Amino acid sequence: MQLLDDTVLIVDSAFAARPELAGFWDAHVWLAVPPELALDRGVQRDAPREGQDEALRLHRDRYGAATAQYLSEVDAPSTADLVVDNSDLDRADVLVDRLQPSQDH
């Protein structure tokens, strides 16, 4: 596959901020959501397919546990170029923007 120089590739991965992957990204965006809200959203999304109990188990015991371990090993929000509070899907708020050049001179 041949790509143009200005091609943008977005990789959606909760665990992409691992130090061994850092050289592959031009920018790292972290979507900040409280764990309880992430659990509720995941269960709500997957319950029709998995059933309520199984969706809760998956998101609490598998995905939630994996995320907690990841964040204890890799402080992804502190290394992100952009941190966005994604708690309100209708109004995302930029909390940290390291992509913009500093205005301080």
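To keep things clear, this report deals only with the structure shown in the data block. For clarity, every value in this text was computed on a predicted model and none was experimentally measured.

**A short note on the overall build of the chain**
Counting its secondary structure elements, the chain contains three helices and three strands. When the helices and strands of the chain are listed from N to C terminus, the series reads β-α-α-α-β-β. Taken against the 2.2 N^0.38 rule, which gives 13 Å for 105 residues, the C-alpha radius of gyration of the chain at 16 Å runs more than 25% over that of a compact globule. Viewed in the frame of its principal axes, the chain has a C-alpha envelope of about 55 × 40 × 30 Å.

**What about the side chain of His28?**
In this structure, His28 sits in the segment before strand S1 (29-32). Overall, His28 belongs to the buried group, its relative accessible area being 13%. Residues within four places of His28 in sequence aside, it is in contact with Ala17, Ala76, Thr79, Ala80, Asp81 and Leu82.

**Points about the pairing of S1**
Where burial is concerned, the two faces of S1 differ: the one with Trp30 and Ala32 is buried and the one with Val29 and Leu31 is not. By the bridge criterion, four bridges tie S1 to strand S2 (residues 82-85) in an arrangement that is parallel. By the bridge assignment for S2, Trp30 is matched with Val83.

**Description of the packing of aromatic side chains**
Enumeration over the complete set of coordinates arrives at one aromatic pair. On the numbers, 4.9 Å between centres and 85° between planes, the contact of Phe15 with Tyr70 is edge-to-face. With a gap of 55 residues between them, Phe15 in the segment before S1 and Tyr70 in helix H2 (residues 52-73) connect regions that are remote in the sequence. The buried category is assigned to Tyr70, whose relative accessible area is 3%.

Cut-offs and rules
- Residues numbered from 1 in each chain as written.
- Predicted model: local features only at pLDDT ≥ 70, side-chain atom pairs only at ≥ 80, totals over all residues.
- Heavy atoms only, no water.
- Helix = DSSP H or I, 4+ residues; strand = E, 2+ residues; numbered from the N terminus.
- Rg over C-alpha atoms; globule rule 2.2 N^0.38 Å.
- Buried < 20%, exposed > 50% of the residue type's maximum accessible area, 1.4 Å probe, protein only.
- Contact = heavy atoms within 4.5 Å.
- Pairing = 2+ DSSP bridges.
- Phe/Tyr/Trp six-rings, centres within 6.5 Å; stacked < 30°, edge-to-face > 60°.

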